[in-house]
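Working through the structure, step by step
Below, each chain spelled out in residue letters.
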Amino acid sequence: MGLPRAEQLRQRHLSLRRRSRALRVRAGVQAESLRPVFGWADRVQDAWHWLRAWPPQLTVPVAGLAGLWLARRPSRLVSLPLRLLSGWRLWQRFASTRRGR
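The present account deals with the structure reproduced in this document. It should be emphasised that the depicted structure is a prediction, and the values quoted were computed from it without experimental measurement.

**Things to note about the packing of aromatic side chains**
Within the structure shown, the criterion is met by 2 aromatic pairs. Geometrically, the ring pair formed by Trp50 and Trp54 is edge-to-face, given 5.8 Å between the ring centres and 75 degrees between the ring planes. With a centroid separation of 5.8 Å and an interplanar angle of 45 degrees, the aromatic rings of Trp91 and Phe94 are classed as tilted. With a gap of 3 residues between them, Trp91 and Phe94 both fall in helix α4 (residues 76-99), about one helical turn apart. Given the relative accessible area of 48%, Trp91 is considered partly exposed. The ring of Trp40 has Arg43 sitting right over it, with the charged end atom 4.7 Å from the ring centre.

In structure tokens, the structure reads:
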């Protein structure tokens, strides 16, 4: 015959728990790769909330001027963020050396 029904159920239960543990570990490893994406999403959301805190009488004209400035040369939409990113990285490197003193 086979094992008693209670023993079969116990073994099935243990097997499912092992599989569940393995799946949780794998999901954790895979989710770790999304950490930078969610970090940037949090930064964008924080920037949006910060911008919404300013009065529209100030932000609308500034946004309009920025839109006109970009409309004159659309390549700035790519080149400016790249330059800002380079400057930010340089600033971070400089700040980390100052903190290390």
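**Focus: a nonpolar patch on the surface**
A surface patch of nonpolar side chains, amounting to about 750 Å² of accessible area, comprises Leu77, Val78, Leu82, Leu85, Trp88, Trp91 and Phe94. As for its position among the elements, Leu85 is in helix α4. Under the relative-accessibility criterion, Leu85 is labelled partly exposed at 31%.

**Digging into a positive patch on the surface**
Taken together, the side chains of Arg17, Arg18, Arg21 and Arg24 make up a positively charged region of the molecular surface. Summarising the element assignment, Arg18 is placed in helix α1 (residues 5-32). Classification of Arg18 by relative accessible area gives exposed; the value is 52%.

Analysis parameters
- Residues numbered from 1 in each chain as written.
- Predicted model: local features only at pLDDT ≥ 70, side-chain atom pairs only at ≥ 80, totals over all residues.
- Heavy atoms only, no water.
- Phe/Tyr/Trp six-rings, centres within 6.5 Å; stacked < 30°, edge-to-face > 60°.
- Helix = DSSP H or I, 4+ residues; strand = E, 2+ residues; numbered from the N terminus.
- Buried < 20%, exposed > 50% of the residue type's maximum accessible area, 1.4 Å probe, protein only.
- Lys NZ or Arg CZ within 6 Å of the ring centre and 35° of its normal.
- Patch = residues over 30% accessible without salt bridge, like charges linked within 9 Å, V, L, I, M, F, W, Y side chains within 5 Å.
- Areas by Shrake-Rupley, 256 points an atom, 1.4 Å probe, with all protein chains shown as cover.
- Salt bridge = Lys/Arg side-chain N within 4 Å of Asp/Glu carboxyl O.
- Lys, Arg positive; Asp, Glu negative; His and termini not counted.
- Charge placed at Lys NZ, Arg CZ, Asp CG, Glu CD.

Purely spatial values, then, with no claim about function.
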